[in-house]
Amino acid sequence: EIADYVKEGVSEDLGINAIWLTGHSLSDPRHFYGIWTQYACIEPGRLNPSLGTERDFKDMIAEAHRRGIRVFLDSIEHGVMNDSPLIAEHPDWFKGGSWGMTDYDWKGDHPDLEKWWVDLWTKAVLEWGVDGFRCDCGLHRPDLWSEIKRRSAAAGKPIFILGESGIERV
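Residues numbered from 1 in each chain as written. Predicted model: local features only at pLDDT ≥ 70, side-chain atom pairs only at ≥ 80, totals over all residues. Heavy atoms only, no water.

A. View of the sheet that holds strand E8 (residues 132–136). The 4 strands are arranged E1-E4-E8-E9 in an open sheet whose pairing can be described as parallel. Strand pairing shows two members of the sheet lacking a second neighbour, strand E1 (18–21) and strand E9 (160–163), which therefore form its edges. Between one strand axis and the next, the sheet turns through 20 degrees on average, direction left out of account. In the sheet, E8 pairs with E9 via 4 bridges, with the strands oriented parallel. Counterpart to Gly-132 in the pairing with E9 is Phe-160. The strands that helix H4 (residues 54–66) touches are E1 and strand E4 (70–76); relative to E4, the one it contacts most, it runs at about 135 degrees. Helix H6 (residues 111–128) rests against E4 and E8 of the sheet, and its axis sits at about 165 degrees to E4. (Pairing = 2+ DSSP bridges. Helix = DSSP H or I, 4+ residues; strand = E, 2+ residues; numbered from the N terminus. Axes fitted to C-alpha atoms, helices over the stretch in contact; angles between N-to-C directions. Contact = heavy atoms within 4.5 Å.)

Pasting the structure below:
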């Protein structure tokens, strides 16, 4: 597990200065040929149990920081798995689908979806201590990522945000 490598200093010994977690959210381990992956996201704001508790996760990030290592999360902007409770709770937030998932309706007028998204990822920065994000499938809503970055910086925690192509920066 990544937390064990960080605690043992293995990542530091390798000379790395960042960890990119391509999986942190509760996800479906059967999607994508039985390989557990962030790209089968069920609940973006809920940690996958394989990472331990929220306290364990925060401790792992704090240990990485003590060793000069930054931690970045992958975010899945296009949607969630079809059986995600988010769809039942907020059916108006979703429209269409791709990759066997139901897509967020980023082009609709959903201030509550936008607020939830900004609050979700701002929490990851301010409460968990992450240092930024890599956004799968590009940046659907750069304006929301700019707000997350603004809030984080205002709280004294500047972050880095990168789109999938590498050229979509906020």
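B. Quick look at the packing of aromatic side chains. Counted by the stated rule, this structure contains 14 aromatic pairs. Look at Tyr-104 and Trp-116: their rings are 6.2 Å apart centre to centre, the planes differ by 45 degrees, and that puts the pair in the tilted class. Within this pair, whereas Tyr-104 is found in strand E7 (residues 101–104), its partner Trp-116 is found in helix H6, the two being separated by 12 residues in sequence. Each member of the aromatic cluster is reached from another via a ring pair, and the members are Trp-93, Phe-94, Tyr-104, Trp-106, Trp-116, Trp-117, Trp-121, Phe-133 and Trp-145. (Phe/Tyr/Trp six-rings, centres within 6.5 Å; stacked < 30°, edge-to-face > 60°.)

C. Structural context of the nonpolar core. Ranked by internal contacts, the top residues of the largest apolar core, which has 35 residues, are Phe-57, Leu-73, Trp-121, Phe-133 and Trp-145. When contributions to this core are tallied by element, the ones reaching two or more residues are E1, H4, E4, helix H5 (85–89), H6, E8 and helix H7 (142–154). The element contributing the most residues to this core is H6, with 8 residues. Judged by nonpolar contacts, the second largest core, of 7 residues, contains Ala-40, Cys-41, Ile-42 and Met-81. (Core = buried A, V, L, I, M, F, W, Y, C linked by side-chain atoms within 4.5 Å. Buried < 20%, exposed > 50% of the residue type's maximum accessible area, 1.4 Å probe, protein only.)

D. Here's a closer look at the pattern of salt bridges. Taken as a whole, this structure holds 14 salt bridges when the rule is applied. Between Arg-151 and Asp-119 there is a salt bridge whose closest N-O contact spans 3.0 Å. Of the two residues, Arg-151 sits in helix H7 while Asp-119 sits in helix H6, which places them 32 residues apart along the sequence. For Arg-151, a relative accessible area of 31% corresponds to the partly exposed category. For Asp-119, a relative accessible area of 29% gives the class partly exposed. Salt-bridge contacts for Glu-147 lead to Arg-150; the nearest nitrogen and oxygen are separated by 2.7 Å. Of the two residues, Glu-147 and Arg-150 both sit in helix H7, 3 residues apart, roughly one turn of that helix. (Salt bridge = Lys/Arg side-chain N within 4 Å of Asp/Glu carboxyl O.)

E. Summary view of the side chain of Thr-122. As for its position among the elements, Thr-122 is in helix H6. Classification of Thr-122 by relative accessible area gives buried; the value is 8%. Within polar-contact distance, the side chain of Thr-122 engages the backbone oxygen of Val-118 at 2.6 Å. In contact with Thr-122, other than residues within four places in its own chain, are Ile-148 and Arg-151. (Polar contact = N/O pair within 3.5 Å; in protein donor to acceptor, adjacent residues only side chain to side chain.)

F. Quick look at the sheet that holds E7. The antiparallel open sheet is built from 3 strands, whose spatial order is E5-E7-E6. The open sheet has two edge strands, strand E5 (79–81) and strand E6 (94–98), and neither has a second partner. Averaged over all adjacent pairs, the angle separating strand axes in this sheet is 35 degrees, with direction ignored. Strand direction decides the pairing type here: E6 and E7, joined by 3 bridges, are antiparallel. By the bridge assignment, Phe-94 is partnered in E7 with Tyr-104.

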